[in-house]
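# Summary of the model geometry
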Amino acid sequence: MIIAPSILSADFANLGRDIQTVVHAGAQWIHVDVMDGVFVPNITIGPLVVKAVRKVTTAFLDCHLMVVDPERYLDDFIRSGADGITVHVEATRHLQRALASIREKGLKSGVSLNPSTPLETIKYCLADIDLLLIMSVNPGFGGQAFIKAVFPKIQEAKTMIEGYPIQLQVDGGVSKDNIAKLAQMGVDNVVAGSSVFMTADPGKTIKEMFDLVSSSLR
Ligand code: DX5
Ligand code: ZN
């Protein structure tokens with residue numbers, strides 16, 4: 001399983017240090033939560049921060065765009081050094097075009113669904129998707145509780161993407177309490193923000209999460 005710590009809960013005054021800590025502990029991806037204050041009720045960071053982060057790590061930079069009409073910003077994120085870009089199905093009028101243009105530039109194309117958005121919305125785009133992100137909270141903030149009704153959706157998503165080379169990612173409320181269950185359900189990739197960076201020793205927490213995953217898969 002890939003663990004992608006979300007820098008939303010990191011210390012922005014010490015971002016480089018926090019990233020080194022989790023990468024050193026084994027985190028393969030760094031998750032960057034981009035919010036525009038329109039699609040979600042919060043404003044966070046943009047391409048400038050991705051560019052700065054790119055300089056301090058070779059880890060996969062996973063940019064989660066919670067932005068209306070994300071097509072407008074794809075090139076900016078690509079130029080900043082993103083490795084993958086995830087757009088929300090609810091935020092774009094031309095999902096297939098957005099996914100195809102991310103891939104055309106050599107990046108991994110991701111699509112995200114809010115908790116209430118049905119899986120059917122991506123049914124005809126499966127061939128264009130590298131990463132399917134199932135939100136387990138309503139996007140906008142870190143530190144929210146995992147919505148349990150999403151468990152059956154994760155199961156249905158697994159079935160839907162069978163046979164496609166699509167990574168299944170879950171984001172929101174992931175912690176040591178549910179990571180083992182997610183691994184057992186076949187989730188390939190989890191985002192974890194507050195449950196990592198809000199602990200006294202984020203590196204130790206990442207290692208404990210990996211241990212929980214490996215014992216659950218034994
Ligand atoms: C929510 C973001 C998440 C968030 C996760 O809108 O997309 O990536 O940072 O934070 P936690 O792990 O604290 O729920
Ligand atoms: Zn996210």
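Residues numbered from 1 in each chain as written. Chains lettered and ligands numbered in written order. Predicted model: local features only at pLDDT ≥ 70, side-chain atom pairs only at ≥ 80, totals over all residues. Heavy atoms only, no water.

Let us now look at the pairing of strand S6 (residues 131–135). For S6, the tally of buried residues reaches five of five residues, placing the bulk of the element in the interior. With burial as the criterion, each face of S6 is covered, one bearing Leu 131, Leu 133 and Met 135 and the other bearing Leu 132 and Ile 134. Looking at chain direction, strand S5 (residues 108–113) and S6 are connected through four bridges and run parallel. Bridging from a neighbouring strand, Gly 110 pairs with Leu 131 of S6. Bridge count for S6 against strand S7 (residues 167–171) is five bridges, and the pairing is parallel. Among the inter-strand pairings, Leu 131 is bridged to a residue of S7, identified as Gln 167. (Buried < 20%, exposed > 50% of the residue type's maximum accessible area, 1.4 Å probe, protein only. Helix = DSSP H or I, 4+ residues; strand = E, 2+ residues; numbered from the N terminus. Pairing = 2+ DSSP bridges.)

Here the zinc ion (ligand 2) is held by His 31 (NE2), Asp 33 (OD), His 64 (ND1) and Asp 171 (OD), and the distances to it run 2.0 to 2.2 Å. With six donor atoms in place around the zinc ion (ligand 2) and angles of 71 to 169 degrees between them, the coordination shape is octahedral. Read N to C, the donor residues that coordinate the zinc ion (ligand 2) are spaced as H-x1-D-x30-H-x106-D. With Asp 33 in strand S2 (residues 29–35) and His 64 in strand S3 (residues 60–66), this pair connects stretches of sequence that are 31 residues apart. (Donors = N, O, S within 2.8 Å, 3.2 Å for Na, K, Ca; no water. Tetrahedral: all angles 85-135°; square planar, octahedral: opposite > 155°, others 65-115°.)

With that out of the way, let us pick up unusual backbone geometry. A positive phi is found at Asp 69, a non-glycine position, where the angle reads about 50 degrees. In this fold, Asp 69 is placed in the loop between S3 and helix H3 (74–80).

This paragraph deals with the sheet that holds S6. The strand order across the open sheet built from eight strands is S1-S8-S7-S6-S5-S4-S3-S2, with neighbouring strands paired in parallel fashion. The sheet terminates laterally at strand S1 (2–5) and S2, the two strands that pair on one side only. Each adjacent strand pair in this sheet contributes to an overall mean axis angle of 25 degrees, direction not counted. (Axes fitted to C-alpha atoms, helices over the stretch in contact; angles between N-to-C directions.)

Moving on, we come to the layout of surface pockets. In this approach the atoms are scanned with a rolling probe the size of a water molecule, which exposes any empty space left behind. Here the largest pocket is characterised by a volume of approximately 240 Å³. If you go around the largest pocket, you meet 24 residues; those closest to its centre are Phe 141, Gly 142, Gly 143, Asp 171 and Gly 172. Mapped by element, the contributors of at least two residues to the lining of the largest pocket are S2, S3, strand S8 (189–192) and helix H7 (194–197). When its residues are assigned to classes, the lining of the largest pocket shows 10 nonpolar, 12 polar and two charged. (1 Å grid on protein atoms, 1.4 Å probe; cavity = no way out; pocket = protein on both sides within 12 Å on 5 of 7 lines; lining within 4 Å. Points joined across faces, edges and corners; volume = space filled by probe spheres on them. Nonpolar A, V, L, I, M, F, W, Y, C, P; charged D, E, K, R; others polar.)

With that settled, consider the site of ligand 1. Of all residues adjacent to ligand 1, which total 20 residues, the nearest are Asp 33, Gly 143, Asp 171, Gly 193 and Ser 194. Within the side chain of His 64, a nitrogen or oxygen atom sits 3.2 Å from an oxygen atom of ligand 1. A distance of 2.8 Å separates an oxygen atom of ligand 1 from a polar backbone atom of Gly 140. Contact with the protein chains hides 100% of the accessible area of ligand 1, taken as 380 Å² for the molecule alone. Mapping ligand 1 onto the cavity grids shows that it belongs to the largest pocket. The set of elements that each furnish at least two residues to the shell around ligand 1 consists of S2, S3 and S8. If you tally residues by element for the shell around ligand 1, the top one is S2, at three residues. When grouped by side-chain class, the residues that make up the shell around ligand 1 number eight nonpolar, 10 polar and two charged. (Near = heavy atom within 4 Å. Polar contact = N/O pair within 3.5 Å; in protein donor to acceptor, adjacent residues only side chain to side chain. Areas by Shrake-Rupley, 256 points an atom, 1.4 Å probe, with all protein chains shown as cover. Sits in = over half its atoms within 2 Å of the grid points.)

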